[in-house]
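For reference, the chains in residue letters:
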Amino acid sequence: KQEVTQIPAALSVPEGENLVLNCSFTDSAIYNLQWFRQDPGKGLTSLLLIQSSQREQTSGRLNASLDKSSGRSTLYIAASQPGDSATYLCAVRVGSARQLTFGSGTQLTVLP
Amino acid sequence: EPEVTQTPSHQVTQMGQEVILRCVPISNHLYFYWYRQILGQKVEFLVSFYNNEISEKSEIFDDQFSVERPDGSNFTLKIRSTKLEDSAMYFCASSGPGPNEKLFFGSGTQLSVL
């Protein structure tokens, strides 16, 4: 059974700092991996999707990498801003099934 | 930008009562999902729906749960006889037909079972 782990559970950084969030998964036979942002009391917003054949994806200040063989993904946030404060979740899709398995998230606080 | 709409945002019900959670997926999407998040826990998959039938379901999605697409726009989750442990945030999501489509989530329905 696929297990997804995110470290750290919480992170607090000053504004302007670059940071890395980590995600690991136990079954390397993934179809794709998505990073989501969750704001308190709100839904999930998909930030980046990396296909299993890709190594990284970029969107603005966000860069996600994928190393399937080691079961790891990272989300790099450049020049963090207070508006980046949220919980970041990674989720993997395994094989032909469309269901996603989520990690428990990293709660990010960017201090002004 | 198109979005997934969920109603109501909050639902309080008594144990044993039936509840129906409603969702309007993005109009050109073909796959529909329900996930839930119990407070302090991970987001969990419940069910996926395609071509008017369930395509996958988790162990959580037992006989007390059912889904329906009653018309061309709505997608509903029914819990037949609610239990205290059904209290959670329920998220509806939808995605396009491609194999690597992002999921778009609604803002959720907070269900409280008393």
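Look up: the structure comes first, before these words.
All of these numbers come straight from a predicted model, not from anything done at the bench.

## Quick notes on the overall build of chain A
Item 1. When helices and strands are counted, chain A shows zero helices and 11 strands.
Item 2. Element order for chain A, N to C, with α for helix and β for strand: β-β-β-β-β-β-β-β-β-β-β.
Item 3. Taken over the C-alpha trace, chain A has a radius of gyration of 13 Å; the compact-globule value for 112 residues is 13 Å, and the two agree within 12%.
Item 4. In terms of its C-alpha atoms, chain A occupies a principal-axis envelope of roughly 45 × 30 × 20 Å.
Item 5. Considering only contacts within chain A whose residues lie at least 6 apart along the sequence, 55% involve residues at least 24 apart.
Item 6. Of note, chain A has its 9 positive side-chain charges centred 8 Å away from the centre of its 8 negative side-chain charges.

## Details of the interface of chain A and chain B
Item 1. Opposite the 25 residues of chain A that make contact, chain B presents 22 residues.
Item 2. Between chain A and chain B the total buried area reaches about 1900 Å² when both faces are included, carbon and sulfur atoms providing 50% of it.
Item 3. Seen at the junction of chain A and chain B, the total is zero salt bridges.
Item 4. One can count 11 residue pairs in polar contact (both at pLDDT 80 or more) joining chain A with chain B.
Item 5. Residue assignment for the side of chain A that touches chain B shows that the elements contributing at least two residues are strand E4 (30-38), strand E5 (44-51), strand E9 (86-94) and strand E10 (100-102) of chain A.

## Some words on the state of the cysteines
Item 1. Using the criterion set out here, one finds two disulfides over all chains in the structure.
Item 2. Disulfide pairing is shown between cysteine 23 of chain A and cysteine 90 of chain A; the S-S distance is 1.9 Å. Given an S-S torsion of about 70°, the disulfide between cysteine 23 of chain A and cysteine 90 of chain A has right-handed geometry. Of this pair, cysteine 23 of chain A sits in strand E3 (residues 19-25) while cysteine 90 of chain A sits in strand E9, and the two are 67 residues apart along the sequence. With respect to burial, cysteine 23 of chain A and cysteine 90 of chain A carry one shared label: buried.
Item 3. Here cysteine 23 of chain B engages in a disulfide with cysteine 92 of chain B; their sulfurs sit 1.9 Å apart. Taking the sign of the S-S torsion, about -65° here, the bridge from cysteine 23 of chain B to cysteine 92 of chain B comes out left-handed. One end of the pair, cysteine 23 of chain B, is in strand E3 (residues 19-24); the other, cysteine 92 of chain B, is in strand E9 (residues 88-95), with 69 residues separating them in the sequence.

## Some details on the sheet that holds strand E8 (residues 75-79) of chain B
All names here are of chain B.
Item 1. Taken together, the four strands give an open sheet; going across it, the order is E1-E3-E8-E7, and neighbouring strands pair in antiparallel fashion. The open sheet has two edge strands with one neighbour each: strand E1 (5-7) and strand E7 (65-68). Here the average twist between neighbouring strands, direction ignored, is 20°.
Item 2. Sheet topology note: the E7/E8 ladder contains four bridges and is antiparallel. In the sheet register, serine 66 faces E8, and the bridge partner there is lysine 78.

Thresholds applied
Residues numbered from 1 in each chain as written. Chains lettered and ligands numbered in written order. Predicted model: local features only at pLDDT ≥ 70, side-chain atom pairs only at ≥ 80, totals over all residues. Heavy atoms only, no water. Helix = DSSP H or I, 4+ residues; strand = E, 2+ residues; numbered from the N terminus. Rg over C-alpha atoms; globule rule 2.2 N^0.38 Å. Contact = heavy atoms within 4.5 Å. Lys, Arg positive; Asp, Glu negative; His and termini not counted. Charge placed at Lys NZ, Arg CZ, Asp CG, Glu CD. Buried area = accessible area lost by both parts, 1.4 Å probe. Salt bridge = Lys/Arg side-chain N within 4 Å of Asp/Glu carboxyl O. Polar contact = N/O pair within 3.5 Å; in protein donor to acceptor, adjacent residues only side chain to side chain. Disulfide = S-S within 2.5 Å. Buried < 20%, exposed > 50% of the residue type's maximum accessible area, 1.4 Å probe, protein only. Pairing = 2+ DSSP bridges. Axes fitted to C-alpha atoms, helices over the stretch in contact; angles between N-to-C directions.

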